[in-house]
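Chain and residue survey
So the chains spell out like this:
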Protein chains: 2
Amino acid sequence: MTARTSTDNARDIPEATVARLPVYLRALVGLAEAGTATCSSEELAAAAGVNSAKLRKDLSHLGSYGTRGVGYDVEYLRYQIAREIGVTQDWPVVIVGIGNLGHALANYSGFRSRGFRVVALLDADPERHDELVAGIDVRPFDDLEEIVEDQGVAIGVIATPAIAAQDVADRMVAAGVTSILNFAPTVLSVPDGVDVRKVDLSIELQILAYHVQRKAGGTVADDFDRLHDEEVTA
Amino acid sequence: MTARTSTDNARDIPEATVARLPVYLRALVGLAEAGTATCSSEELAAAAGVNSAKLRKDLSHLGSYGTRGVGYDVEYLRYQIAREIGVTQDWPVVIVGIGNLGHALANYSGFRSRGFRVVALLDADPERHDELVAGIDVRPFDDLEEIVEDQGVAIGVIATPAIAAQDVADRMVAAGVTSILNFAPTVLSVPDGVDVRKVDLSIELQILAYHVQRKAGGTVADDFDRLHDEEVTA
DNA sequence: CCGAGTTTGTTCTCCCGTTCACAAACTCCT
DNA sequence: AGGAGTTTGTGAACGGGAGAACAAACTCGG
């Protein structure tokens, strides 16, 4: 039952679980570096910031990698999760749009240490070409197809202004990219089978703002707004 | 029924809806700039990348701002959503950690245009002090408490290395910050009543990698891993 | 004024994810 | 060897969100 072959369907892991596996992986790396050989679901859950029941259920989707009465072998579980996610070897990644954010992403050491290798930086602006960023020179956007094919790139990162993002996405998809991480504040439309994840900085802040406002019971200006609203709708 | 007072509970909006309101707001701004005065739920849903039934249900949590047979007034709905989120006026924000990412965040124009004002950039490294970033000079981290109090800052952004993030969070909370946007790849522990949202770049990539691997049916190296696994567990 | 067409707001059903609680399985001590 | 203590893996109950479907409410043309 715990033996997994390439034909059984033990691999359809719930999306919510997939999103947490990288967190567990990070926590396990931390425990390993601290010299911990074994940990209980309680400890790992604490390190990952989740509830232990949820952790155990998540891990149960991968197989039975723990030992009752003992816990989990840190190194073994770390490897199994890395394998499940697919980061036992590096994925080549291209970043398009080398503005402030693109710079930061290119220099982010976490990519390299967590299973990703930036193979190219592209920008449409000729002024940026041949500039060295993080030891990689910036190339023309038109080199995209060549790079994707030569390096077998499946994952693209979009860090352009919103206006350019859809065009970049279209070109990426046409070139063979199947997964896109989009930092541009716009909705991308892509064909079925292409995954898009979006990171929108101001949306995150706006969500926080909503909760601050709730906690505070509304600001002075908002009280005015609400009063005005009542007068109008009453 | 649609009249809302400060005592009724029309304000407890589902979390999933809150997370989408900023997307609708952005879509409405786009429509307004394109000169559209009125739009149907179908149009707005398309612009926001969601299903129209979901959009209507989301909006129904705010009140009855549409007109049957007609649709929504773009400007009116835009204002109502902005008010609900709380971005009718600017929120002061402080950014801690002015490395590559901090630079990018400080320069990000989307903050200013979407209801946020960066009032201070802080860094523990004296080498960075008095450097001008986006027209704001970088100040010592120890100025945090003074700035939070003077400017009434409720939202803090952490863009430090992981090792420093928990300390920064503790100081922020002690100073009076109630909401934190965390870019450091670590789990923050904060008291009840403090909101934390996290943005982890390599986690997003890892989630994409998982799906790429699934689509591809596993890489060569992974096939080896799986074969090895069968030999061991069989 | 009335009927046809349009679009919202809401109800109902289904599904996914979370949490509780406990049996199964292991270790350790006597 | 056996019992006490520990920890995993999972079955079951529960809650929230997604989507379909429809009644209510509006516009427009005659």
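Within each chain, residues carry numbers counting from 1 in the order of the written sequence. Chains and ligands are labelled sequentially in the order written, the chains with letters from A and the ligands with numbers from 1. The predicted nature of this model means local features are confined to residues of pLDDT at least 70 and side-chain atom pairs, given and counted, to a pLDDT of 80 or more, with totals for whole chains, interfaces and linings taken over all residues. Hydrogens are left out, water is left out, and the side-chain values use all remaining heavy atoms of the structure.

1. Thoughts on the sheet that holds strand 10 (residues 195-198) of chain A
Residue and element names in this part refer to chain A. Being paired, for any two strands, means DSSP has found at least two bridges between them. Secondary structure elements are defined from DSSP: runs of H or I of at least 4 residues count as helices, runs of E of at least 2 residues count as strands, and each element is numbered from the N terminus. Spatial strand order, 6-7-5-4-8-9-10: seven strands in an open sheet with mixed pairing. This sheet does not close on itself; its edge strands, each paired only once, are strand 6 (132-133) and strand 10. Pairing analysis gives six bridges linking strand 4 (residues 91-96) to strand 5 (residues 116-123), with the strands arranged parallel. Looking at strand 5, one finds that Ile95 is bridged to Leu121.

2. Section: the relation of the copies chain A and chain B
Both copies of the chain are tied together by a single rotation about an axis and a shift running along it. Copy-to-copy superposition: least squares on the C-alpha atoms, limited to residues that have pLDDT of at least 70 in both copies. Superposition of chain A onto chain B requires a rotation of 180° combined with a translation of 0.0 Å along the rotation axis, giving an RMSD of 0.0 Å. Given the turn and translation reported, the copies of this chain are related as if by a two-fold rotation axis. By residue overlap, the copies meet face to face through one surface: 100% of the interface positions of chain A are interface positions in chain B. Should any heavy atoms of two residues lie within 4.5 Å, those residues are considered in contact.

3. Description of the confidence of the model for chain A
Residues and elements named next belong to chain A. Summary of the metric used: pLDDT quantifies the predictor's per-residue confidence within the range 0 to 100. Residues of chain A with pLDDT of at least 70 account for 88%, and the chain-wide mean is 91. With pLDDT under 50 throughout, residues 1-10 is counted as low confidence; its partners more than four residues away or in other chains account for 17 contacts. Across residues 223-234, where pLDDT falls below 50, the model places 20 contacts with residues more than four positions away in sequence or in other chains.

4. Brief notes about the interface of chain A and chain B
If you look at the interface, chain A gives 78 residues, while chain B gives 79 residues. Regarding the contact of chain A and chain B, the summed buried area is about 7,300 Å², with carbon and sulfur atoms giving 60% of it. A side-chain nitrogen of Lys or Arg and a carboxyl oxygen of Asp or Glu constitute a salt bridge if their distance falls within 4 Å. Seen at the junction of chain A and chain B, the total is six salt bridges. B:Asp200 is paired through a salt bridge with A:Arg26; the nearest N and O atoms lie 2.3 Å apart. Here a polar contact is taken to be a pair of N or O atoms separated by no more than 3.5 Å, where protein atoms must pair a possible hydrogen donor with a possible acceptor and residues adjacent in sequence count only if both atoms sit in side chains. Here chain A and chain B share 19 residue pairs in polar contact (both at pLDDT 80 or more) between them. Looking at the side of chain A that touches chain B, the element that brings in the most residues is helix 9 (residues 201-216) of chain A, giving 15 residues. When grouped by side-chain class, the residues that make up the side of chain A that touches chain B number 39 nonpolar, 20 polar and 19 charged. Two parts placed together each lose some accessible area under a 1.4 Å probe, and adding up what both lose gives the buried area. Each residue is assigned to one of three groups, with Ala, Val, Leu, Ile, Met, Phe, Trp, Tyr, Cys and Pro labelled nonpolar, Asp, Glu, Lys and Arg labelled charged, and all others, Gly among them, labelled polar.

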